[in-house]
Amino acid sequence: MSIDWAKLKAAKPKTVPMFAIIFGASGAGKSTALGTSGLTTLLLHGPTENHAGTNARLMGKGKIFSMEYTVRNEKGAVDADASYKNLLTILRDEEVSKQFEAVALDSWTELQTIIGETRDFREACLTDKGKHNKFAESDEYTRRLNQVVHALLNLHSKGTNIFTTCAAIIDRKSTRLNSSHGYIS
């Protein structure tokens with residue numbers, strides 16, 4: 001088989017919106033990288049990633065609009081249930097794809113923590129005797145994270161670029177990436 005390199009080089013490239021996840025250790029520049037696309041970007045973050053907007057704006061040249069999706073209770077603490085629902089409401093808002101070329105979520109790691117603190121998650125992980133069942137966590141995290149993935153995929157299908165981050169380190173013993181909550185596959 002012979003490849004027609006001239007034809008390949010002459011072909012008009014088909015561009016599709018990006019859907020990316022940026023892995024890196026704490027301080028590696030994941031949040032800053034979110035500002036490098038050159039696109040008008042809605043950057044959603046939780047309280048742990050409150051530096052995201054500032055860092056991304058260093059590179060974003062006025063195109064980064066950051067918003068904390070978490071909701072606080074009357075004592076000022078994060079309300080995990082309301083925060084998770086608020087994130088989904090924002091991602092499902094029809095105006096988002098009209099107002100922004102990209103949506104960035106900083107980070108999956110923080111979102112997993114918030115999900116783990118929701119009432120629905122805790123109740124779904126109870127045994128019939130009312131004890132916490134650690135073995136139920138994986139399915140419950142997956143179910144709730146998939147709701148966010150589907151909302152992001154919907155935005156992507158409308159032409160919105162999607163960028164997300166996840167804290168990860170190299171476990172030198174196993175040479176696998178892992179997050180603070182478990183192995184990432």
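Since this is a predicted model, take the numbers as computed values, not measurements. (Residues numbered from 1 in each chain as written. Predicted model: local features only at pLDDT ≥ 70, side-chain atom pairs only at ≥ 80, totals over all residues. Heavy atoms only, no water.)

Novice: Can you walk me through unusual backbone geometry in this structure?
Specialist: Apart from glycine, the bulk of residues carry a negative phi angle, and the bulk of peptide bonds sit in the trans form. The amide bond that connects aspartate 106 to the next residue, serine 107, takes the cis arrangement and shows omega of 15°. The backbone of lysine 61 sits at a positive phi, close to 45°, despite the residue not being glycine. Positionally, lysine 61 belongs in the loop between helix 3 (52–60) and strand 3 (64–68). (Helix = DSSP H or I, 4+ residues; strand = E, 2+ residues; numbered from the N terminus.)

Novice: Which parts of the structure should I look at to understand the confidence of the model for the protein chain?
Specialist: For residues with low pLDDT, the predicted coordinates do not support detailed interpretation. Per-residue confidence for the protein chain gives a mean pLDDT of 92, with 91% of residues at or over 70. Confidence drops under pLDDT 50 across residues 181–185; counting only partners more than four residues distant or on other chains, this segment forms 15 contacts. (pLDDT = per-residue confidence, 0-100. Contact = heavy atoms within 4.5 Å.)

Novice: Just checking my understanding: could you explain the packing of aromatic side chains for this structure?
Specialist: Two numbers describe a pair of aromatic rings. These are the distance of the centres and the angle of the planes. Applying the stated criterion across every chain yields a total of 2 aromatic pairs. Measuring from centroid to centroid gives 4.4 Å for phenylalanine 121 and tyrosine 141, while their planes differ by 35°, and the two rings are tilted. Note that phenylalanine 121 is positioned in helix 7 (residues 119–124) and tyrosine 141 in helix 8 (residues 137–157), a separation of 20 residues in sequence. (Phe/Tyr/Trp six-rings, centres within 6.5 Å; stacked < 30°, edge-to-face > 60°.)

Novice: What's the story with the sheet that holds strand 2 (residues 41–45) in this structure? I'm lost.
Specialist: Two orientations exist for strands paired in a sheet by backbone hydrogen bonds: parallel and antiparallel. The strand order across the open sheet formed by 5 strands is 1-5-4-2-3, and the pairing between neighbours is parallel. Strand pairing shows two members of the sheet lacking a second neighbour, strand 1 (19–24) and strand 3, which therefore form its edges. With direction set aside, neighbouring strand axes in the sheet form an average angle of 20°. Across 6 bridges, strand 1 lies against strand 5 (residues 161–167) in parallel orientation. (Pairing = 2+ DSSP bridges. Axes fitted to C-alpha atoms, helices over the stretch in contact; angles between N-to-C directions.)

Novice: Can you help me understand the nonpolar core in this one?
Specialist: Core analysis: the largest hydrophobic core is formed by 28 residues, its most contacted members being Leu44, Leu91, Val103, Leu111 and Val148. In contact with valine 148, other than residues within four places in its own chain, are Tyr84, Leu87, Leu88, Leu91, Leu105, Trp108 and Leu111. Within the second largest apolar cluster, 10 residues are counted, among which are Ala20, Ala56, Ala102 and Phe163. (Core = buried A, V, L, I, M, F, W, Y, C linked by side-chain atoms within 4.5 Å. Buried < 20%, exposed > 50% of the residue type's maximum accessible area, 1.4 Å probe, protein only.)

Novice: What should I look at first to understand the packing of helix 6 (residues 108–116) against helix 8 in this one?
Specialist: Angle between the axes and distance between the axes: these two values describe a pair of packed helices. The geometry of helix 6 relative to helix 8 is characterised by a closest axis approach of 10 Å and an angle of 130° between their N-to-C directions. Accordingly, the angle class assigned to the pair helix 6 and helix 8 is oblique. As for the relative orientation of helix 6 and helix 8, their crossing is right-handed in sense. Residues Trp108, Leu111, Gln112, Ile115 and Gly116 of helix 6 touch helix 8, and the partners they reach there are Tyr141, Arg144, Leu145, Val148, Val149 and Leu152. Looking at the contact of helix 6 with helix 8 residue by residue, the class counts come to 8 nonpolar, 2 polar and 1 charged. (Parallel < 35°, antiparallel > 145°, perpendicular 65-115°, else oblique. Left-handed = near helix turned anticlockwise from the far one by under 90°. Nonpolar A, V, L, I, M, F, W, Y, C, P; charged D, E, K, R; others polar.)

Novice: Explain the pairing of strand 2 here, please?
Specialist: As a general feature of sheets, a regular strand has side chains that alternate between the two faces. Across the 5 residues that make up strand 2, a large majority, 5, are buried. Across the two faces of strand 2 the burial is the same, with Thr41, Leu43 and His45 and Leu42 and Leu44 all buried. In this region the chain leaves strand 2, passes through helix 3 and returns to the parallel neighbour strand 3; the handedness of that crossover is right-handed. (Right-handed = clockwise from strand over helix to strand, strands pointing away.)

Novice: Explain the pattern of salt bridges here, please?
Specialist: Oppositely charged side chains can pair when the atoms bearing their charge come close. One pass over the structure, following the stated rule, counts 6 salt bridges. Of the charged contacts in the structure, one is a salt bridge between glutamate 68 and arginine 72, with a shortest N-O distance of 3.4 Å. Residue classification places glutamate 68 among the partly exposed positions, given a relative accessible area of 31%. Here glutamate 140 makes a salt bridge to arginine 143, at a shortest N to O gap of 3.5 Å. (Salt bridge = Lys/Arg side-chain N within 4 Å of Asp/Glu carboxyl O.)

Novice: Help me understand a nonpolar patch on the surface in this model?
Specialist: Together, Met1, Ile3, Trp5 and Leu8 line one region of the surface with nonpolar side chains, adding up to about 570 Å² of accessible area. Position of methionine 1 relative to the elements: it lies in the segment before helix 1 (5–10). Judged by its relative accessible area of 99%, methionine 1 falls in the exposed class. (Patch = residues over 30% accessible without salt bridge, like charges linked within 9 Å, V, L, I, M, F, W, Y side chains within 5 Å. Areas by Shrake-Rupley, 256 points an atom, 1.4 Å probe, with all protein chains shown as cover.)

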